[in-house]
Every structure is written in C-alpha cells, then in structure tokens.
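# What the coordinates show
So the chains spell out like this:
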Amino acid sequence: MHQVPLPEFCHRLHTDPANGLSSREAVLRLAHDGPNTLRQRKKEPELVKFLRQLTNLFALLLWAGAAFSFTAEWLRPGEGNIFIGVALVGVVVLNGLFSYYQQHKAERIMAGFRDMLPQMARVVRDGILSEIPAAQLVRGDVILLEEGEQVPADARLVEVAGLKVDNSSLTGESEPQLRTTYPTDKRLLESRNVVFSGTTVQAGDGKGIVFATAMKTQIGRTADLTQSVAVQEIPIRREILHFTRIISAIAVVMGVAVFLVSFFILDNPLPAKLIFAIGIIVANVPEGLLPTVTLCLSLAARRMADNQALVKNLESVETLGCTTVICTDKTGTLTMNRMAVKRLFLNECIHSEADKSFEREELEKLLMVATLCNNAHVKGGGSYVGDPTEVALLQFVTRFHDVGEVQAASPRLFEEPFTGRTKLMVTVNRVEGSQVACLKGAPDVAIGFCDAILIDGTAVPLSDDHRRAYLSAYEELARKGERVLLLAWREVEPREVWHEEDLPTSGYVFIGLIGMLDPPRPEVPEAVKAIRSAGVRVVMVTGDYQTTAEAIGRMVGIVTGDQPAVITGEQLRTMGDAMLEWELEQEEVIFARTSPEQKLRIVQALQRRGDVVAVTGDGVNDAPALKQADIGVAMGLAGTDVAREAADMVLLDDNFATLLPAIREGRTIFDNLKKSIAYTVTHAVPEVAPYLAFLLLGIPLPLTVMLILSIDLGTDMLPAISLGMERAERDIMQIPPRSRKERLVNRRLLFTSYALHGVIEAAAGFYAYFTVLHAGGWQWGDALVPGNPLYLQGISAFFAAIVVCQVANAFMAKTHRQSLFHQGILSNRWLLVGIAVELVLAVSIIGLEPLHTLFGNAGLTAGEFFLAWPFAVGMILLDELRRWLIRRNVRWVVDLTGS
C-alpha cells in the first residue's frame, strides 16, 4: 500500500488528494466499515455480573437452605423457619452486593486510561476543511495533521512540512521520526511516508490519505493480538474455587446424610428433619468468607496504591506473592532515565567529562556534531526537552558554546533520523559555506561508515591499530554501564535538495566516542537484593548494548557471577525454543538488543518451565507480553494506554523498587487469607457437632440455626477481616515463592482447623452446655421441652463457648510460624476492635431479652458466659508449642500442621 504509486493509490481508494471524499461517499463507507474505534472485548452486562455473585457454589447451597426453610414454614407455620429462610436469602444478597461493589470499583480504577484515539480530526470532504469526530473517519478520507495532535488513523502522506512523529508507543523508537512523501522501506512500519493511529505529531504539519481505520490499523492489529493471547488463570481465583468445591462437597454430603438418618431413624416431623439438614449445611458453609476475601484483597490493593502500585484486578494482588521471575526493562525502570555525559574517547585517549586537557581540534568537531546532529531543543527557562540521550549531549555542549548560536549559524538541510533498524542518525548542515554530513549512532554500526580518524587535528586513515584502540575504548565505556555513541563527520558535494539515497555511506572521519550514564535508581540495588533473597529471579530485557546491560545489571545486583548468560536479539531470532529454555535454566540471564515483540516469546518460554512470570512494559508492542504474563506491570508515566490496558498492575512512578512492597503485599495477603480461612472454618466443627450429637446420642439440640448464622455473619466476621490486615511475619521475604501446586486450603490447614482446634472448641461447647444443664438440676435422659428456660440457657452457654474459643483462635491465627509473642499479641489494632465487637455482639445476643425469641436462647451470668476459658487458654498454649516445634523442624509436626 505504501509503495504503490500515489495516483494508483488514490485510484484504488477512489479519493482525491485535494478535495477528499464526498460527504455521501463517506457516509456509505462508514456504514460499511463501521466506526474508527478500537473494538473492546465484549463487556458483560452489569446485571449479569451481579447475578454471577449470587450463583457461586456457596450461594447455591444457601439458596437451597432458604428453599428448605420456606418449605418447612409452609408445612408447619409459626415455628420461626421463615426467619431462617429470610436470613439465608439476605446473606446471599448482601454477599453478592458487597462482592459486586468491590469488583466494580476495581474495574473503574482504570477508566481514565482508555482514551486510545483522539476525539476529533480535521478532514477534507467535498473540498472543504472541517472538524469531525475521529470515530467517523473512513478509508479514503484526507486528513490534516499538525504539531501536538494525535494521529487518528493509519494514513499515507501526500504533503509534509518538517513533519516528525513520535512512534515510540508503537515501535519502541524513542526519537521522533521525520516523515516524507515517498516510501523509504519495504516494511510498512519502517517506511516514512506513513503515519499510524495513536502516534503523536511532535513537529511540523502534513496531509495524508487514510487507508486503515479501527481494528485494521497497526494499533488495532496489536490490540487484536493482545486479545487473542489466552488470559492466564489467576492463582487465587483457582484456589478459592478449589476451596469452595471442598467445603460445598462436605456440606452437601453431611446435609444429605443427616437428612437421611433423621428421615429413617428419628420419629419427628418432616420440617424438623429439613431444619436439621439446613443446620448442617449452614454450619459447614463459611458464609462470610467470600466478602472477607474480597475485602482483604481490596484493602491490600489500597495499600499498594499508597506505594505507587495501582492494581486493576483485585485477584492479581496475590499473584505477585507467588511470582518466581520478573522480566524487567532497564531504562527508566532500573535507571533514572536521566542521561549525563561521563567520559569521552578523543585522540585515542579516554577522558573524564570534567577533564580540562581536551585536544581542542577533536573537541570542537565533536561539539559540532553533538549540536547539529541533535533534535533536542530549548524550553522556557533554559532547560532542554527531547530524547534523554540528546538532551545530555546538549547539556555537555552548553559548557563550551551557545547551542542556539551554533545551530542558527549552521542550518540543517536534511535529516536521516535514528531508527531501530539503522541505529544511527545523519544530518546535512551548511557550515561556513560548505555542506557537512554529521553522523552519530551505535558504535558497532557507525564504525563501518568511517574510513579515517581524527588524530591531533588531522584526518588519518583508519588502521587496524586504530580500530583495536577504538574497540578497547568502546568496551571500557560500556563495561561501566555507559551508553556509547560514535560521532563522525565528512564534507559532501553541495546539493540544492537532499534525499535519503544521496547520503554517503562511507568516507566519514571518526571523531570519538561519548559515554553517557543513565544512573541506576538509588533504591533499586536494595530492592533487587531483597527480591532475589525472596527466591525471585530478575531477568533484564533491554534494547541496549549487551555490555552496557551487563554493567547496569552488576550495578543493581541482577548480575553477581562471573559468567551471566547474555543473549542478544540477533541470537534470539535464530535460537530454537528448546535452546532458549535451556539458557533460561541459568541463574542470571540478560537479554540485550531485543525488540518488544521478543518479550512475548521469552515470557512463554519461562511459563513452559513452570515459572510464574511478572513482566514490565510500556509500549504498544509490549501489550501481548503483558497479557501473556501471569501479572503484567505497565508504566504509569512512560507507558502507553494500550500497555496499561493489557496490564494487571500499573507502577505510577515507573520504579522497579515499587515491586518490592508489592511482592511483600502479595505474599502477605496469601498468608493472611490462609489465617482468615483457618479461623473461619474452625467454628464449623462446634457448629456441626451439636446436630450429630442430637442424632446419634439423642441429647437436646445444643445450638440453633440462627445462632450459627450469628457466628458466621456476626461475631466472626470482623475478626476474619481483621486477620487480612495482619502485618507480615518477619521471614515472609526470606522464604521461596510458593509453588503453583500449593493450595490455599491444604490438608495441613484442614487438619489443624478441624481435627485440632475445632474439636477442642466442640469439647468446650459441650462442657459449657452440660455444666449449665447439670447446675440447673438436669440429669442425663431427662426430657427438655423447646421452651424450657434451662434448656435455652444451655444453648446460650454452647454459643458463648464457641465465641470465647474463637477469640483465642483469632490470636492464634495471627502467625503460622513465628511465636505469637514475637508477632505481637496486640500488634493488630483492627483485630482487637474485631474481637471487642465480637464480644459485644455475643453479650447482646445472650443478654438482650428481645433477641431471645429470634435466636432461641436465654440469658447467662458472667461466670456461665466464660465457662470455656480453660479451653481457650489451652488452645493458645498448645498452638504456641506447635509453632515452636515447627521452627525446630520437627518433621511429624510440620507434616501434620505446618503452613
């Protein structure tokens, strides 16, 4: 399309470069092709999202319980079953509303990042210039562009006047690209007679004919590729689903079993049998768990936002905790993206930038090329704006000359801008009556254009000795982490008009090398050290020279050994997948001179090895890799809209060190969710045990369904949420990342919660229950009618025993491995508030007579309320012993109860 002769191009699109399309034709094409907007993934209706929250496994079980309750009320009205049904429906709806609200709020965080195309565009139709919504552009439209505007569609240029476009969002090129009206490359992305949707006009103006809109643009194709990349399953989502399946299976099996036993063995009415089954189901289902998980993730996301890490998807918070590899950019992420000239190689000597003994002739030539072959410019206040490398050059030149005067005295006649393909920039300037070509670029490429070298002010042939000296200096500068540019010049035959093919490709005089350092961010080395000590590998993926990349890697601690694996983009292009995976087995790996597209392949290779991969990126071409990664991390300052849209998390300060608290937060949230779940499921045993004892032993039922709900959704809710805010254990960043196979709820947690703590709580409940009954004169075998005050007091005693033991359980759950005293008994003020609320609710339920009818209980004395305190103290001491044995690696204790 870009190489077709312009008349034929216009003929194919049935358009006129001067008058554009007719309004009628534009309307027809818009109807045929559709609007010029990027097609978003089909969004799920908000109602469907809400209904989804009402149909998870836990919700379905509670719906079933509510149905049984309403059935029991219908069969035998007036026994309070309707209250149980209404309560269960309320639980489901409230859970759904809360979970929907939290997820909806997280989705809206990124709403401001989705404006991918300009709102308006200037277009010529019917020979008249007008402004229309960019979404109404069609193929064949003639558009006008000027400085500061965003390109609204892919277009071929027919007129340019100093037009420069920033393609960095699409190609990764940091330098604005000069545009022409003739093709300069067979490849569409490399040819300068084309502008692309989503890029920005940095200078000049131009006119173009649109040949692609919407998803057929280059940015649209990238977006389409991004959407085609399979969405990675989020670990915490998988774990929650696994847990709900386990608990739901237990609840259903036990509920059905109890119903069948009561149906065939007990001689009681059908409604009573249904209520027993409901009791078992409700006791096993942790109704407050899902909102607890959602709120814990939301609070963690808020803490991360305070640390400059914005999380788009709440569940992605935890993914960072199991990350095993981070693939990171270098410039601006590990470094400060603030270049400064550090050393120069002139006259075969390396000088510091502060050196006063420069060879004057060589220095003047170097300053001339650094000034003229440069697109940075002065901003108000005397500062420079532009590419950081070019700004550093002008800042150095300013020490010796007035940049503006030099540029005004030597006007530019032509420019061959820097590209990732050529890796050099050439300008032609008029200097003191002559025309001079100034060249700067990557030394390994630019040296091939040089035939001579400036020695003592004289150009002499470039000998092998000179080349060896140059190569030695190049390696020396690069080893220090400096970005190195070669500067050269030559006089050229005067021309009125210059074209790219007129530029000489040899005969340049090598002036010298300039080494510039983009210093590492001061906080990065400590962050890298902490991340590596946590068992997470850091892999650098950069477009910079390999020696520079390795040097920066050593400065920040990514490279510590003598022989890291350094793989260039060229090597990667010819490397098979098996070889790549073999190279990735090495401990320290750096990818240099790579393109953004190669990130996707690196990420996929790491994932095939079983790694959980986090990837940083900022360009449009990074989007597929960001989406493929287990967690994509986009840059908030330098990142493009498409990159931020594809990512799961955005670093608002573009700083690698921000990942450290994010990883700690991810690990902590997984740890805390286990603590919260362990606390929550423990009460299932003392809630189920009364129903089993009633069926098997024939004792009066010690606990009502409403009291079970009051525990699950009342007394235990705040402590469970507060455990999600527990501070990290001291060794959280000294242990390796958890395996993909490690379960949020494993057999050790279930054994500790059910078989150990749960059994103790059940024993405490029966102890309190029978103590109150015996104190009131009850003997084994005596009948207790439902309204008997002594029986109602026994029910309250059982309920109070669960609450008292759950207070102890809340303190025990604060830590998996560390001593409770080291973690701090009173360190979590929110847990203290939660426990206080728990006790107030329990005292209210037991002490307030108006509530006794609803919950089916009666009042207690203070002594009766705290009958279970020896069991609570014993639980704390026993668990402290368990953690002591775990820290000493007693095998059988670790295998049975370790976290």
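Heads up: these notes are all about the structure in this document. Everything quoted here is computed from the prediction, not taken from an experiment.

### Considerations on the packing of aromatic side chains
This model, assessed by the stated rule, comprises 15 aromatic pairs. Between phenylalanine 770 and tryptophan 778, the aromatic rings sit 5.9 Å apart at their centres with planes inclined by 25°, giving stacked as the arrangement. Grouping residues by exposure puts phenylalanine 770 and tryptophan 778 together as buried. The structure contains a cluster of three or more aromatic residues connected by ring pairs, namely Phe766, Tyr769, Phe770, Trp778, Trp780 and Phe798. A cation sits over an aromatic face here: arginine 156 above phenylalanine 9, 5.0 Å from the ring centre. Just above the ring of phenylalanine 670 sits the side chain of arginine 738; from NZ or CZ to the centre is 3.8 Å.

### Describing the pairing of strand β18 (residues 458-461)
Two faces make up the sheet, and in a regular strand the side chains alternate between them. Direction of pairing for strand β17 (residues 450-455) relative to β18: antiparallel, over a ladder of four bridges. Note on β18: the bridge partner recorded for alanine 452 is proline 461. Counting the residues that bridge the hairpin from β17 to β18 gives two residues, and of these aspartate 456 lies at a positive phi of roughly 50°.

### What to know about the pattern of salt bridges
Counting across every chain of the model gives 35 salt bridges. In this structure, arginine 609 engages aspartate 611 in a salt bridge whose closest nitrogen and oxygen atoms are separated by 2.4 Å. For arginine 609, a relative accessible area of 28% puts it in the partly exposed group. One salt-bridge network, held together by shared partners, links Asp671, Lys675, Glu729, Asp731 and Arg817.

### Here we look at the sheet that holds strand β24 (residues 613-617)
Read across the open sheet, the eight strands follow the order β8-β26-β25-β24-β9-β21-β23-β22; overall the sheet is mixed. Each edge of the open sheet carries a strand with a single partner, namely β8 (309-311) and β22 (565-568). Within the sheet, the average angular offset between the axes of one strand and its neighbour, ignoring direction, is 20°. Across three bridges, β8 lies against strand β26 (residues 649-651) in antiparallel orientation. When the bridges of β26 are listed, alanine 309 appears paired with leucine 651. Across the face of the sheet, helix α24 (residues 659-682) comes into contact with β9 (325-328), β24, β25 (631-635) and β26 while running at roughly 145° to β26.

### What to know about the pairing of strand β7 (residues 200-212)
Pairing geometry for strand β3 (residues 142-146) and β7, over five bridges, is antiparallel. Across the sheet, the residue bridging to glutamate 146 is aspartate 205, located in β7. The pairing of strand β4 (residues 154-166) with β7 spans 10 bridges and is antiparallel. Its bridge partner lying in β7, valine 165 is registered against valine 201.

### A closer look at the side chain of aspartate 654
Relative to the helices and strands, aspartate 654 is located in the loop between β26 and α24. Comment: no salt bridge for buried aspartate 654; closest opposite-charge side chain is arginine 521, at 5.8 Å. A polar atom in the side chain of aspartate 654 sits 2.9 Å from the backbone nitrogen of glycine 636.

### What to know about the packing of helix α28 (residues 747-775) against helix α34 (residues 869-887)
At a minimum axis separation of 10 Å, α28 and α34 run at an interaxial angle of 160°. Relative to α34, the element α28 lies roughly antiparallel. Crossing of α28 over α34 shows right-handed handedness. From α28, Thr752, Leu756, His757, Ile760, Glu761, Ala763, Ala764 and Tyr767 reach across to α34, where they touch Phe871, Met875, Leu878, Asp879 and Arg882.

### Points about the environment of alanine 305
Along the chain, the position of alanine 305 falls in helix α10 (residues 289-306). Put simply, alanine 305 and alanine 662 are 357 residues apart on the chain and 9.4 Å apart in space, counted from C-alpha to C-alpha.

### Considering unusual backbone geometry
Phi at histidine 14 is positive, roughly 55°, even though this residue is not glycine. Note on placement: histidine 14 falls in the loop between α1 (6-13) and α2 (23-33). On the accessibility criterion, histidine 14 (59% relative accessible area) is exposed. For glutamate 432, which is not glycine, the phi dihedral falls at a positive 50°. Tracing the backbone through its elements, the reader meets glutamate 432 in the loop between β15 (424-431) and β16 (434-441).

### Some points on the environment of glutamine 119
Within the secondary structure, glutamine 119 sits in the loop between α5 (81-108) and β1 (120-125). Judged by relative accessible area, glutamine 119 falls into the exposed class, the value being 57%. Taking the C-alpha atoms as reference points, glutamine 119 and alanine 135, separated by 16 residues in sequence, lie 7.5 Å from one another.

What counts and what doesn't
Residues numbered from 1 in each chain as written. Predicted model: local features only at pLDDT ≥ 70, side-chain atom pairs only at ≥ 80, totals over all residues. Heavy atoms only, no water. Phe/Tyr/Trp six-rings, centres within 6.5 Å; stacked < 30°, edge-to-face > 60°. Buried < 20%, exposed > 50% of the residue type's maximum accessible area, 1.4 Å probe, protein only. Lys NZ or Arg CZ within 6 Å of the ring centre and 35° of its normal. Pairing = 2+ DSSP bridges. Helix = DSSP H or I, 4+ residues; strand = E, 2+ residues; numbered from the N terminus. Salt bridge = Lys/Arg side-chain N within 4 Å of Asp/Glu carboxyl O. Axes fitted to C-alpha atoms, helices over the stretch in contact; angles between N-to-C directions. Contact = heavy atoms within 4.5 Å. Lys, Arg positive; Asp, Glu negative; His and termini not counted. Polar contact = N/O pair within 3.5 Å; in protein donor to acceptor, adjacent residues only side chain to side chain. Parallel < 35°, antiparallel > 145°, perpendicular 65-115°, else oblique. Left-handed = near helix turned anticlockwise from the far one by under 90°.

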